[in-house]
Amino acid sequence: MPPASTTPAGAPATGAGSPAPVGGPGLPQERRLATEIPGPRSKEKMARRDRFVATGVSTTLPVFVEAAGGGVLVDVDGNSLIDLGSGIAVVGVGNAAPRVAERVAAQARAFTHTCFMVTPYDGYVDVCEQLSALTPGDHDKRSALLNSGAEAVENAVKVARAHTGRSAVAVVDHAYHGRTNLTMAMTAKSMPYKHSFGPFANEVYRAPMSYPFREPVPITGPAAADRAIDVLEKQVGAANLACLVIEPILGEGGFVVPADGFLPRLREWTAAHGIVLVADEIQTGFCRTGDWFACDHEGVVPDLITTAKGIAGGLPLAAVTGRAEIMDSVHVGGLGGTYGGNPVACAAALGAIETMREQDLPARARAIGTLVGERLRAIADRHACVGDVRGRGAMMAVEVVDEDGRSPHPVRAAAVSAYCHAHGVVTLTCGTYGNVLRFLPPLVISDALLTEAFDVVAEAFDATA
Ligand code: PLZ
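Throughout, residues of each chain are indexed from 1 in the direction in which the sequence is written. Per-residue local features are limited, in this predicted model, to residues with pLDDT of at least 70; the limit for side-chain atom pairs, both in listing and counting, is 80 or more; totals at the level of whole chains, interfaces and linings are taken over all residues. With hydrogens and water set aside, each side-chain value is computed from the structure's full complement of heavy atoms.

1. Notes on the pairing of strand 4 (residues 141-146)
Note the following rule: Exposure categories follow from relative accessible area, calculated using a 1.4 Å probe and restricted to protein chains: below 20% of the type maximum is buried, above 50% is exposed, and the middle band is partly exposed. Here a strand is any run of E in DSSP of at least two residues, a helix any run of H or I of at least four, and the numbering for each starts at the N terminus. We call two strands paired when DSSP finds no fewer than two bridges between them.
Counting buried residues along strand 4, five of its six residues qualify, which places the element largely inside the surrounding structure. Of the strand pairs in this sheet, strand 4 and strand 10 (residues 318-323) are connected by six bridges, and their pairing is antiparallel. When the sheet's bridge partners are listed, S143 is paired in strand 10 with T321.

2. Some thoughts on the pairing of strand 6 (residues 204-207)
Formally: Seen with the strands pointing away from the viewer, any crossover whose path from the first strand over the helix to the second strand runs clockwise is right-handed.
Examined bridge by bridge, strand 5 (residues 168-172) and strand 6 share four bridges and lie parallel to one another. Bridging from a neighbouring strand, A170 pairs with Y205 of strand 6. Between strand 5 and its parallel partner strand 6, the chain crosses via helix 6 (residues 181-186), and the hand of that crossover is right-handed.

3. Here we look at the environment of E252
Cut-off, in case you're wondering: Contacts are assigned to residue pairs that have any heavy atoms within 4.5 Å of one another. N or O atoms closer than or at 3.5 Å make up a polar contact, with two conditions inside protein: a donor-capable atom paired with an acceptor-capable one, and, for residues adjacent in sequence, both atoms drawn from side chains.
Its place among the elements puts E252 in the loop between strand 7 (241-246) and helix 8 (262-272). Along the backbone, E252 and C430 are 178 residues apart, and their C-alpha atoms lie at a distance of 5.3 Å. Apart from residues lying up to four places away in sequence, E252 is in contact with I88, Y176, Y193, E247, Q283, C430, G431, T432 and R438. Side chain to side chain, E252 and R438 meet in a polar contact 2.9 Å long.

4. A look at the site of the ligand
Basically, it comes down to this: Here, proximity means that at least one heavy atom of the residue falls within 4 Å of the molecule or strand. Calculation of accessible area relied on Shrake-Rupley with a 1.4 Å probe; when residues are assessed, cover is drawn exclusively from the protein chains displayed. Amino acid classes used here: Ala, Val, Leu, Ile, Met, Phe, Trp, Tyr, Cys and Pro are nonpolar; Asp, Glu, Lys and Arg are charged; the rest, including Gly, are polar.
Around the ligand sit 15 residues in total, of which G149, A150, R179, D280 and Q283 are the nearest. In the model, an oxygen atom of the ligand is placed 2.7 Å from a nitrogen or oxygen of the R179 side chain. Residue D280 places a side-chain N or O atom 2.7 Å away from a nitrogen atom belonging to the ligand. Expressed as a share of its isolated accessible area of 510 Å², the protein-covered part of the ligand is 81%. The residue inventory of the shell around the ligand, partitioned by class, reads five nonpolar, five polar and five charged.

5. Things to note about the confidence of the model for the chain
Just so we agree on the cut-off: pLDDT measures how confident the predictor is about each residue, on a scale from 0 to 100.
Chain-level pLDDT for the chain is 96 on average; 96% of the residues reach the 70-or-more range. Confidence over residues 1-13 falls short of pLDDT 50; this stretch has one contact with residues more than four positions distant or in other chains.

6. Section: the sheet that holds strand 2 (residues 72-75)
Across the sheet, four strands lie side by side as 1-2-3-13; this open sheet has mixed pairing. Single-partner strands in this sheet number two, and they are strand 1 (65-69) and strand 13 (425-426). As judged from the three bridges shared by strand 2 and strand 3 (residues 80-83), these two strands associate in the antiparallel manner. Looking at strand 3, one finds that V72 is bridged to I82.

7. Some remarks on the packing of helix 3 (residues 98-110) against helix 10 (residues 343-358)
Rule in force here: The axes used here are C-alpha line fits, helices contributing only the stretch in contact, and every angle between their N-to-C directions lies in the interval 0 to 180 degrees. An angle counts as roughly parallel when it lies under 35 degrees, as roughly antiparallel when it exceeds 145, as roughly perpendicular when it falls between 65 and 115, and as oblique in every other case. With the far helix as reference, a near helix turned anticlockwise by less than a right angle produces a left-handed crossing, and one turned clockwise produces a right-handed crossing.
Put simply, helix 3 and helix 10 touch, their axes get as near as 8 Å, and they point 155° apart. Relative to helix 10, the element helix 3 lies roughly antiparallel. For the pair helix 3 and helix 10, the sense of crossing is right-handed. Contacts between helix 3 and helix 10 pair R99, V100, R103, V104, Q107 and A108 from the former with P343, V344, A347, A348, L350, G351, A352, E354, T355 and E358 from the latter. Split by residue class, the contact of helix 3 with helix 10 holds nine nonpolar, three polar and four charged.

8. Let's talk about the nonpolar core
Basically, it comes down to this: Here, nonpolar core refers to any group of buried Ala, Val, Leu, Ile, Met, Phe, Trp, Tyr and Cys residues whose side-chain atoms link them within 4.5 Å. Domain start and stop positions are those given by an automatic or database domain assignment.
L84 and F461 are the most contacted members of the largest nonpolar core, which totals 67 residues. Looking at which domains feed residues into this core, each of domain 1 (40-96 + 360-463) and domain 2 (99-358) gives three or more. Excluding residues within four positions of it along the chain, L84 makes contact with V425, V426, T427, R438, F439, L440, P441, I445, L450, A453, F454 and V457.

9. Describing the sheet that holds strand 6
In space, the seven strands of this open sheet follow the order 4-10-9-8-7-5-6, with mixed pairing throughout. The sheet is open, and its two edges are formed by strand 4 and strand 6, each paired on a single side. Within the sheet, the average angular offset between the axes of one strand and its neighbour, ignoring direction, is 20°. Note that strand 8 (residues 276-280) and strand 9 (residues 304-307) share three bridges and pair parallel. Considered in strand 9, the bridge of A279 is made with I305. Sheet strands touched by helix 8: strand 7, strand 8 and strand 10. Its angle to strand 7, the strand with the most contacts, is close to 165°.

10. Details of the pattern of salt bridges
Selection criterion: Salt-bridge detection follows one rule: a side-chain nitrogen of Lys or Arg within 4 Å of a carboxyl oxygen of Asp or Glu.
For the structure on display, the rule yields 22 salt bridges. With a shortest N-O distance of 2.7 Å, D226 and R265 are connected by a salt bridge. Separated by 39 residues along the polypeptide, D226 in helix 7 (residues 221-235) and R265 in helix 8 bring together distant segments of the chain. Of the residues examined, D226 reaches a relative accessible area of 35% and is grouped as partly exposed. Among the ionic pairs, D230 bridges to K234, the shortest N-O distance being 3.1 Å. Pair noted here: D230 and K234 are both in helix 7, with a separation of four residues, about one helical turn. Of the residues examined, D230 reaches a relative accessible area of 38% and is grouped as partly exposed.

11. Comments concerning the packing of aromatic side chains
This is how the line gets drawn: Pairing of aromatic rings covers Phe, Tyr and Trp, the last through its six-membered ring, and needs centres within 6.5 Å; plane angles under 30 degrees mean stacked, over 60 mean edge-to-face, and all others mean tilted. Here, over-ring charges are defined by two tests on the NZ atom of lysine or the CZ atom of arginine: distance to the ring centre within 6 Å, and angle to the ring normal within 35 degrees.
A complete count under the given rule lists eight aromatic pairs for this structure. Their ring planes at 65° and their centres at 5.7 Å tell us that F111 and Y121 sit as a pair that is edge-to-face. Here the residue F111 occupies a position in the loop between helix 3 and helix 4 (122-134), and Y121 occupies one in the loop between helix 3 and helix 4, the gap between them amounting to 10 residues. With a centroid separation of 5.4 Å and 85° between ring planes, the pair formed by F116 and Y121 is classed as edge-to-face. According to the relative accessible area criterion, Y121 is buried, its value standing at 9%. Against the face of F200 rests K194, its NZ or CZ located 5.2 Å from the ring centre.

What follows is the structure, encoded as structure tokens:
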């Protein structure tokens, strides 16, 4: 008779006996290829994944990670990959960042959950206090904590509707706001985010974005804003709009940086009509673009701001922060959720924010932007398929195009990305046309690793020419 076991048949013999892997900045900061990518152990694990994980959940790079830190991810085959993705702009402070890991461990030993709506605790209030101090504007603010970016966006809309008594929500072309029903409606791109999942929430209206590279004729930021305003005034009516929700730099939509003056003009117009301006800084926030928030760049002060991703060094946490009189127009009990502002996630956020301050990560993001921008422009000089180099700080991208200098070329972008993966550099793509290569390194990555990573990116363009 086989020995009694709680391990189901076929489960791999990991765990017991083998020492727990240690990540964080102490990991050797190197690119090291021990096997082909993905290696044999990752391939085995992918086969197991396919037996148990839903097909709808995709994988960009099928290597199973064992430890990560600084600028590297180490996989189960002993490969060390340079991370230019940060888990989609999350681990700006680095993976397993010491202050995050220490605070998480201490909090997990103290208590893991009470539900803030049942019995409160300091960590939640501390995070809200930090959000008041760090987000744009020095007015009186309040925050509500949630679990995911999409949930933060949903709550911002709830607050804006409660405050204004209006129902319409304005968003822009190429926007990405999440995968829940309301945020799918707000997201522009059908495949893969919305396809086959309708019907979607109503009262969501889309205005044209400022997308300098794709304007048929050059247009200034304020003029592009007036174009958007005209659509909203004629097709919805300012008096019906509860809010305008916009990413100050588009994330999933292609790292589109609107022309100067676009956001300030929208700020003016929304203020004049009592429309709540919601900045979705879920991807751009927390030092990524070289300021604490991307709105800071042009001094735009939104009424509400949604944050997530970078806020907590990898733990799930999100927030809506905004003017006290707007936030507090919601009735008691109207906002919440079982896990929103979980104490372990709040501890992680406090550790992450401490790291950002101590290491001046906004300045580091600006330095990364200078280095990466130079490397990308050098590639663009040699390869006509790079139609545009854009971004800000540690949120940079290239748009890959055809010989005509304009038509999107997603196949080439995918080939460049695949080359990088095979050579130990984690890269991501994005964009409505799938033709944008985006670079989101952890802000704590060294210049040496960044330089090596962009040597590989440059080779990838040569090799796929
Ligand atoms: N708003 C601006 O970037 C998340 C999505 C990845 P959640 N972006 C990554 C994917 O394919 O699901 C995002 C964002 C902006 C909202 C969200 C949604 O944040 O935490 O994924 O819900």
